[in-house]
Amino acid sequence: MNDVGGAQRARGVNWRQVVQVALAILAAQAIYWLIIDKHLFKAPPPAELARIGVSRVELAKLPEPSLAAAANAVFKPAELPFSDCCTTASFAARLHFKLDVVPEKGLGVLSTLQVDNYILQANGSTIVAEGRMTPGRQSFHGQKTFLTRIPAGVLRTGDNELTYITLRDGFPYTDINPPLIAEYDALSAYSAQRLWIMGTYPLLSGLVLGILGLFGALMVSRSDDKPFAVWLSLLCAAWAGYALYGALLDPPFDGWVRMMVYFALILFIPVALLCFVDSWTRAPVPYLRRAAVAAYAAMICAVAWLLFKTPMPGAFDVPVMIWIWALMGFALLTLARILWHFARIKEDRVIESAIMSVCVVAVLMDGLGQWAPELGAGELNLMTAAPFLMLAMVAAFLARNFRLFQSQSALNATLQKKVALREAELAESHAREQKFVAEQAHEAERRRIMQDIHDGLGSQLMSMMLSARLGEAEPAKVAEGLQAVIDEMRLMIDSMDSVGESLEAALATFRARVQPRVVEAGFAFDWSQSGPIDLPGYGPRDVLQIFRILQEAVTNALKHSGGTAIRLAVRQEAGGAGIIGISDNGRGGAQPGEAGRGLANMQNRARAVKADYNFESVPGKGTQIILVLPYHGIGSAQAA
């Protein structure tokens, strides 16, 4: 029995395959956590650091986060770390430290605050003041970790003072921890790895994951497995959004909405990871992805209600617990989904599953690190691991398909030879078919000409011959008959000469034939055409039928109208139809059914080319015939 994508179910539980993937998972965990993560992200600082301790701390709550408010505030002795909850708050903290000698390159300060934004002064000189300090419209530069340099010119021997002015609005807690103070060069070397992981690395991660997400989005329209491409794109987008979240320090919304965006991103990552793994299996569990998306929607609604409708600190603490349990719950469910897949489905993608398991364990460790910090699981594990793991997934995919690519090259060469042979055969067959079609066309054209001669010239000559035998051949009637024969021959010749030309060129030929005859009969002839005429698909027989209609209309006007002018107007509508109008300024009043006028013949010929025919004759205003030719596009009316 075959599942989606050709996955084959095993009979019962495939314990051998389960053990195989379990060992691969353990090996992948060991390689990543004991080698890559330990030496790249958890490595100890390169050297010991001679720290400068804080001797005394003073704290004051401010009515507004400004230097003026801090200058007029009443400070009281305090101890760090300091924490406050739960409303909008602004504090000023004075930290005193002593220097025996001022370092030549000054001091470095690594601030560890949990605030939206802050101002830092050293001995009354402002060192840090980025963004806005306006409650409700503050920026979030205080959540960026960076190394601050205090120039030597600002420092002095003996007592020195650092003053922090903080602002927190939205997030319930204000946390002021002791800063790390040391000689600048030493602190720069000591904190370089930490700053890279917390600053530069998330931006690079977001870029890499964004590119992979874009690749997944492009795959959606071209891949046969659209769910896999969709969830790959969404998972990378969530990771990239989370990585770049810390870089958005001045968003167009307040802290409450920013918290909502944060929870929306971090809750979606474990959900997207489960759905990605389920779609990767090519044998998805029924309704699993729908249930996961529904659970995510329920969590987001609950978090939004808590944040905006309940008081602090519960409005923040409860969403944090929802997030922690979602991380651990979805991580365990995703691990179970991988093992269940290998227990039930015959599968050879062991390396890819082992790599995905590292992502899952990283999610689980992030949850454990928040739930029980004493376990030492840490945080930001998934963020540090995600780029490496996604690139490893791509490498595993390419390695697994390398043989396929090689076999495809050999297959392409074989197919190319067969295609060349087949093309030669088709060319020969096409030449024979072209010759046959040309012969058929010539025979059809010969039969058409014979039929036109029989129907047109033959009937008119036969009528004249019978009149002569019966002694009824009056000179005027004979002359009229011969003129009709000559006109018919000219029409036939003109229609054959128009093969391969446009209908517009054929009409120009007709005008050149008919205009001298009209002028010789004493009529004024007015031919008008508004713009070019583009009506493809009219063959010789169609052109001949159109010529006959126009010839009949002109002949009727010359013989029976009693007028002095004939007007022929040609135009093409925007929709494509061509319109030919023939009118005279005669007495009018003729009826379509009157004998001898050939009006019924014109209507039948118009029907033969699928054209609309309209006859109008108004007493005292003349007669008008409107012929509407449809736009065929491809193929002639005769073929249709």
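Relevant structure appears above.
Residues numbered from 1 in each chain as written. Predicted model: local features only at pLDDT ≥ 70, side-chain atom pairs only at ≥ 80, totals over all residues. Heavy atoms only, no water.

Caption draft 1: Examining the sheet that holds strand S5 (residues 89–99) more closely. Taken in spatial order, the 6 strands make up an open sheet running S3-S2-S5-S11-S8-S9, and their pairing is antiparallel. Each edge of the open sheet carries a strand with a single partner, namely strand S3 (76–77) and strand S9 (125–129). Examined bridge by bridge, strand S2 (residues 56–61) and S3 share 2 bridges and lie antiparallel to one another. Along S3, the bridge assignment pairs Leu 59 with Lys 76. (Pairing = 2+ DSSP bridges. Helix = DSSP H or I, 4+ residues; strand = E, 2+ residues; numbered from the N terminus.)

Caption draft 2: Representation of helix H12 (residues 503–520) within the structure. If you check H12, its first and last C-alpha atoms are 26 Å apart, about what 18 residues at 1.5 Å a residue would give, namely 26 Å. Along H12, the sharpest change in direction is near 30° and occurs at Val 514; proline Pro 516 comes one to four residues later. Along H12, the residues that are buried comprise Leu 503, Ala 506, Leu 507, Phe 510, Val 514 and Val 518. Backbone geometry just after H12 places Gly 522 at a positive phi near 90°. (Expected span 1.5 Å × (residues − 1). Bend = angle between axes of the 7 residues up to and from the residue. Buried < 20%, exposed > 50% of the residue type's maximum accessible area, 1.4 Å probe, protein only.)

Caption draft 3: Summary view of empty space enclosed by the protein. Summed over the entire model, instances satisfying the criterion amount to 3 cavities of 30 Å³ or more. Along the walls of the largest cavity sit 12 residues, with Ala 553, Ala 557, Asp 584, Thr 623 and Ile 625 positioned nearest its centre. Those elements that provide at least two residues to the lining of the largest cavity are helix H13 (540–560), strand S17 (578–584) and strand S19 (622–629). Here the lining of the largest cavity is composed, by residue class, of 6 nonpolar, 4 polar and 2 charged. (1 Å grid on protein atoms, 1.4 Å probe; cavity = no way out; pocket = protein on both sides within 12 Å on 5 of 7 lines; lining within 4 Å. Points joined across faces, edges and corners; volume = space filled by probe spheres on them. Nonpolar A, V, L, I, M, F, W, Y, C, P; charged D, E, K, R; others polar.)

Caption draft 4: Highlighting helix H1 (residues 15–40). With 26 residues, H1 should reach 38 Å at 1.5 Å per residue; the first-to-last C-alpha distance of 36 Å fits that figure. When the local axis directions of H1 are compared, the greatest deviation, roughly 30°, occurs at Tyr 32. Of all the residues in H1, the buried ones are Gln 17, Val 18, Val 21, Ala 24, Ile 25, Ala 28, Gln 29, Tyr 32, Trp 33 and Asp 37.

Caption draft 5: Examining the sheet that holds strand S10 (residues 147–150) more closely. Reading across the sheet, the 3 strands line up as S10-S6-S13 and stay open at both edges, with antiparallel pairing between neighbours. The open sheet is flanked by S10 and strand S13 (180–183), the only strands paired with a single partner. Sheet twist, expressed as the average angle between the axes of neighbouring strands with direction ignored, equals 25°. (Axes fitted to C-alpha atoms, helices over the stretch in contact; angles between N-to-C directions.)

Caption draft 6: Spotlight on the pairing of strand S15 (residues 524–530). As defined by bridge partners, S15 adjoins strand S16 (residues 565–572) across 7 bridges and the pair is classed as parallel. Its bridge partner being in S16, Ser 530 is matched across the sheet by Arg 571. Where the polypeptide runs from S15 across H13 and back to S16, its parallel neighbour, the crossover connection is left-handed. (Right-handed = clockwise from strand over helix to strand, strands pointing away.)

Caption draft 7: Examining the pattern of salt bridges more closely. Scanning the entire structure with this criterion turns up 10 salt bridges. We note a salt bridge from Asp 37 to Lys 42, for which the minimum N-O separation is 3.1 Å. Overall, Lys 42 belongs to the partly exposed group, its relative accessible area being 41%. Residue Glu 130 pairs with Lys 144 through a salt bridge whose shortest N-O separation is 3.7 Å. Taken together, the positions of Glu 130 in the loop between S9 and S10 and Lys 144 in the loop between S9 and S10 put the pair 14 residues apart, joining distant regions of the chain. One continuous salt-bridge network, built from bridges that share partners, spans Asp 278, Arg 289 and Arg 337. (Salt bridge = Lys/Arg side-chain N within 4 Å of Asp/Glu carboxyl O.)

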